[in-house]
Amino acid sequence: MDRPLVVAATVCFLAAVVRTLLALRAGVFRPGRFNFLAIACGFLLQTAFLSVRGNAIGRCPITNLFEVFVFLAWSIVFIYMLIGPAYRLSLMGAFTAPLVSAIQVFALLAPVDVPHQMRARANPWLEFHASVSMIAYGAFALACVAGLMYLAQERQLKQRQLHSAFQHLPPLHDLFTAVTRLLWVGFALYTAGLISGFFTGEPLPRLKMICALAVWLFYGAILQGRHWRRLAPKRVAALCIIAFSAAVTVLWAITFVSEPHPL
Amino acid sequence: MHLFCVGISHHTADVETRERYGITRVSESLPSSLGCAESLMLNTCNRVELYGASEMPVATEEIVRVLLRPGDDDAPDAHSFYRYEADECVQHLFRVACGLDSMVLGETEILGQAKKAYEAARVNGNAGPFLHRLFQRAFRVAKQVRTRTEIQRGSVSVGSVAVDLAVRIFGDLRGRSVLLLGAGEASERTARALVSRGVADLRVSNRSPDRAEALAQLVSGRAIPFESWQEQCREVDILITSTAAEEPLLTRATLAPIISERLDRPLFIIDIAVPRDVAPEVNELDGVYLYDMDSLQDIAAQSLALRRQQIAAGEEIIAEHVADFRRWFVTDAGNAQSSRRSAHSAISDAPLPATEA
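Numbering of residues starts from 1 in each chain and follows the order in which that chain's sequence is written. Lettering for chains starts from A, numbering for ligands starts from 1, and both go in the order in which the items are written. Per-residue local features of the predicted model are confined to residues with pLDDT of at least 70, and side-chain atom pairs are confined, for both listing and counting, to 80 or more; whole-chain, interface and lining totals are unaffected and use all residues. Excluded from the side-chain calculations are hydrogens and water; all other atoms, namely the structure's heavy atoms, are used.

Enquirer: Any chance you could explain the sheet that holds strand β1 (residues 2-9) of chain B here in plain terms?
Expert: Pairing between the strands of a sheet is mediated by backbone hydrogen bonds and can be parallel or antiparallel. Residues and elements named next belong to chain B. Strand order in the open sheet made by the four strands is β2-β3-β1-β4, with antiparallel pairing throughout. This sheet does not close on itself; its edge strands, each paired only once, are β2 (38-43) and β4 (82-85). The mean angle between the axes of side-by-side strands here comes to 15 degrees, regardless of whether they run parallel or antiparallel. Relative to strand β3 (residues 47-54), β1 is paired through eight bridges, and the arrangement is antiparallel. Bridge pairing links Ile8 to Val48 in β3. Its contacts with the sheet put helix α4 (residues 86-98) on β1, β2, β3 and β4, and the angle it makes with β4 is roughly 115 degrees. Two strands are counted as paired when DSSP detects at least two bridges linking them. In this text, helices come from DSSP runs of H or I with a minimum length of four residues, and strands from runs of E with a minimum of two, each type numbered from the N-terminal end. Axis angles are defined between N-to-C directions and span 0 to 180 degrees, where every axis is a line fitted to C-alpha atoms and, for a helix, only to the segment in contact. For this analysis, residues touch if any pair of their heavy atoms sits within 4.5 Å.

Here you go:
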């Protein structure tokens, strides 16, 4: 009976979304404490769910799609809580909340919270591999959010429309710094997750390996392009959105297609 | 007790008339010389106003005479002065504190000036319980109007729009470099606005090296030979152009190779020359943000229009506070008056409350 915690967390995130929509309707879109507090409450409730569920099943709670989605949403909020205030990007919450809400609403509505049949003994390497990869996805999701914000601000500046509802977006420079750092954090975690996959002692599904490697190479290429200064910030921002969309699709596909981990 | 305000402002008189008024040092004997219990003078470049509380009405002509600068032998012109009493006086002060009566609608400098005027009156003992209450309430109203409305939204001058845009692109402007191409007055003003936000590296390039050198000295920058200004575009973050060239100096074809070498660094171009120095297609390049005089003025005009839309909301807040102040004035004023002396000395010694300082 831990699902109510996820419901309550989703209500918190939706409250932040509603607040943003009301602000947009009023033509004012500025960083606010309410969004941050609502997201922080949601984060605590998510953490409580993961803790309760983890204790109940005796392992990291990513044994079915419901848990995977909640863990992914938690990872996104976790990275936001770290990055948002640090880079004065509290406005990022207005973009993060809809994403997290959508993930959790889908997880709650879809019949995916099915206990896993194959219960093997706990495998720390496997749990490390899965959880670190999820947190990496959280960082990539936030990079995608920051990329969206960058493109919105860039468009305003190019089109000289400075009095739109998004006039309080952070400066381009700050957003691009956040994009770059989130990409590096995500890439480092994803690499750690990928490497740890070889130590799980489990057979590695070929399709999963190829997809995971493709995602790694995609993000690696973006970072290399940025490092060599071959990619303009606008293109890096756009690629972050494309890469995350592709990565989520891959995550979805491999969870469905490949044999799930007997966590 | 009569609350009143007599003043002259940019609404009622030109600068030539205004500059005749406004005594620089307000003496402690000002209230008694006017026959007032309390008085406070607000003296800014756009207005000279005297707020007072008195048992008996004080003639406007008498106040105008007192406000005349020493040494001005011409007869004072009372026709340029306005006078507000009771509720109207309260409403006027609240509007002034909120920037609703300012030349630049919604500006906040006036609030600081009103606080200084209050502080001076408090220190020299001219402000008593009535003006204390009135001004503290005015500061509160100004704060509420600022936070509850968008009266300060956007920038309303070309220089401040340029700074606002630069901040939106670069964030912190410290460490950013600016190239002034042409030594016009408008570019100098814009450069100064950027310097006020932390820009330290200013370079000036002009066809006439002497003018470049002179402007560089004025803005604490360094002169660059005109022949090398394009090379500078590889390094600088902000380019301000204001030359008298008949043809664009910077086109997409000339800038594209430079931009390809600095893909990760945006270039903000402010073209305030007429005819324009920079071809409009330059704005299509990745990482280049080009604003000409028209676009800067459009943004300033939009901001002003948005601020005007907020006047009604601000007036509503002010009306609530005026009514509230009237209630206090009617019910508590008698008590306040009786305890005036003791309160006066207490207020005079008390610092401005932290919340409203």
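Enquirer: Would you explain the interface of chain B and chain A in this entry?
Expert: Accessible area lost upon the coming together of the parts serves often as the stated size of an interface. Taken together, the 26 residues of chain B in the interface contact 27 residues of chain A. Once two parts are put together, the accessible area they lose, assessed with a 1.4 Å probe and summed over both, is termed the buried area. Roughly 2,300 Å² of surface becomes buried between chain B and chain A when both sides are summed, with 46% attributable to carbon and sulfur atoms. When the buried surface of chain B facing chain A is broken down by residue, Arg168, Asp264 and Tyr289 of chain B rank first, second and third, together holding 31% of it. Salt bridges are counted wherever a side-chain nitrogen of Lys or Arg sits within 4 Å of a carboxyl oxygen of Asp or Glu. Our enumeration of links across chain B and chain A arrives at two salt bridges. With a shortest N-O distance of 3.3 Å, Arg229 of chain A and Asp264 of chain B are connected by a salt bridge.

Enquirer: How should I be thinking about the pattern of salt bridges in this particular structure?
Expert: Any two side chains of opposite charge can pair, given that their charged atoms come close. Within the structure shown, the criterion is met by 27 salt bridges over all chains. Across the pair Asp324 of chain B and Arg327 of chain B runs a salt bridge, and its minimum N-O distance is 3.2 Å. With Asp324 of chain B and Arg327 of chain B both in helix α13 (residues 311-331) and three residues apart, this pair spans about one turn of that helix. One salt-bridge network, in which partners are shared between bridges, spans Asp2, Arg3, Arg53, Glu67 and Asp113 of chain A.

Enquirer: Teacher, can you tell me more about helix α5 (residues 124-159) of chain A here?
Expert: Along an α-helix, residues three or four positions apart point the same way, because every turn accommodates 3.6 residues. Residues and elements named next belong to chain A. Residue count minus one, scaled by 1.5 Å, sets the expected span of a helix. With 36 residues, α5 extends 52 Å from end C-alpha to end C-alpha; this agrees with the ideal 52 Å at 1.5 Å per step. α5 sits mainly inside the fold: 28 of its 36 residues count as buried. Residue Arg160 follows α5 closely and has a positive phi angle near 60 degrees. Working definition: with a 1.4 Å probe on protein chains only, accessible area under 20% of the residue-type maximum means buried, over 50% means exposed, and in between means partly exposed.

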